[in-house]
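What follows is each chain in one-letter form.
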Amino acid sequence: MARKLKTFQTSLGFFDLAIAAPSMKAALEAWGADSNLFHQGAAKESDDPDVIEATMDAPGVVLKRPVGSNGPFREHAELPTDLASGSSKKTGRRQPRKPSKRAHNDAADRKAALAFEKEQQRRERERAKEEAARQKERERRQLAVDKAQGVLDAARRKHEEKAADIQQQLKVLEELAQDEEARWEKEKARLEAALRRARG
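Residues numbered from 1 in each chain as written. Predicted model: local features only at pLDDT ≥ 70, side-chain atom pairs only at ≥ 80, totals over all residues. Heavy atoms only, no water.

As annotated in an unreviewed UniProt entry, the protein carries the name Cell envelope biogenesis protein TolA and is attributed to Bradyrhizobium arachidis.

Quick look at the structure:
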């Protein structure tokens, strides 16, 4: 059975946020908060009839308004325009609002709770789709890394084989040079002896 929804509010960045959700945990997940804003005093359950009415009309949808304003909450809100002025239009506590015109009954609560679950499932599908795209990108990158590593390893092996072959050839040439030097020393000694005999 779907749980009854409550309205929660917080401020993140340039916006005040509000959502109709069955629990604080569900609200935090919808806001994408990575810490418990309720325990920190940065979020609360709302008792403002206008905010409650707006969120109950779109359960599970994160509604926004420019931070510090008293305007209505909407799914797509404009950025605040008076941040640089340093003047705040807030003067302490807000005036009490008139009671909501929305008649709350069990059927409306059930309908809102079902709408919240539907929106939550949509968000989860969107997150799963984004995670699948990230996973695909990680796999593509890993394939590219593996391919480049394979090419590097093959080139290194080829270089090492060529270097070993050159070292072998150098060894053979060095032995040939030593043999030639020994042969020349013998021949030079023989020829010098013949030269000395010829000179008498």
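So much for the structure itself; the text now carries on.
**Q** Mind showing me how you'd approach helix H2 (residues 49-57) here?
**A** Since the α-helix advances by 3.6 residues per turn, residues separated by three or four positions end up pointing in the same direction. Pro 49, Val 51, Ile 52, Thr 55 and Met 56 are the residues of H2 that are buried. The arc that holds every buried residue of H2, seen down its axis, measures 160°, which confines them to one face. For H2, the secondary structure elements touched by its buried residues are strand S1 (6-12), strand S2 (15-21), strand S4 (63-66) and helix H3 (106-199). The opening residue of H2 is Asp 48, an N-cap whose side-chain oxygen sits 2.9 Å from the backbone nitrogen of Asp 50. (Buried < 20%, exposed > 50% of the residue type's maximum accessible area, 1.4 Å probe, protein only. Helix = DSSP H or I, 4+ residues; strand = E, 2+ residues; numbered from the N terminus. Arc of directions from axis to C-beta. Contact = heavy atoms within 4.5 Å. Polar contact = N/O pair within 3.5 Å; in protein donor to acceptor, adjacent residues only side chain to side chain.)

**Q** Would you explain the packing of aromatic side chains in this entry?
**A** Given two aromatic rings, one states the distance between the centres and the angle between the planes to describe the pair. Using the criterion set out here, one finds 2 aromatic pairs in the structure. Where Phe 8 meets Phe 38, the ring centres are 5.4 Å apart and the plane angle is 80°; that geometry is what we call edge-to-face. Residue Phe 8 is located in strand S1, and its partner Phe 38 is located in the loop between helix H1 (24-31) and strand S3 (43-45); the two are separated by 30 residues in the primary sequence. Neither residue differs from the other here; Phe 8 and Phe 38 are each classed as buried. (Phe/Tyr/Trp six-rings, centres within 6.5 Å; stacked < 30°, edge-to-face > 60°.)

**Q** Whenever I open this one, a nonpolar patch on the surface confuses me. Can you help?
**A** On the surface, Ile 166, Leu 170, Val 172, Leu 173 and Leu 176 cluster together into a nonpolar patch covering about 450 Å² of accessible area. Inspection of the secondary structure assignment puts Leu 173 in helix H3. What makes Leu 173 exposed here is its relative accessible area of 52%. (Patch = residues over 30% accessible without salt bridge, like charges linked within 9 Å, V, L, I, M, F, W, Y side chains within 5 Å. Areas by Shrake-Rupley, 256 points an atom, 1.4 Å probe, with all protein chains shown as cover. Salt bridge = Lys/Arg side-chain N within 4 Å of Asp/Glu carboxyl O.)

**Q** Help me understand the sheet that holds S1 in this model?
**A** Backbone-to-backbone hydrogen bonds join strands into a sheet, with any given pair of strands oriented parallel or antiparallel. One open sheet accounts for 4 strands, arranged S3-S1-S2-S4; its pairing is antiparallel. The open sheet has two free edges, formed respectively by S3 and S4, since each of these has just one partner strand. Each strand of the sheet is rotated relative to its neighbour by a mean of 20°, with strand direction disregarded. Relative to S3, S1 runs antiparallel, the two being bridged by 3 bridges. (Pairing = 2+ DSSP bridges. Axes fitted to C-alpha atoms, helices over the stretch in contact; angles between N-to-C directions.)

**Q** Got a minute to help me understand H1 in this structure?
**A** Buried within H1 are the following residues: Ala 26, Ala 27, Leu 28, Ala 30 and Trp 31. Where H1 is buried, its residues meet S1, S2, S3 and H3. At the C-terminal side of H1, Gly 32 shows a positive phi close to 75°.

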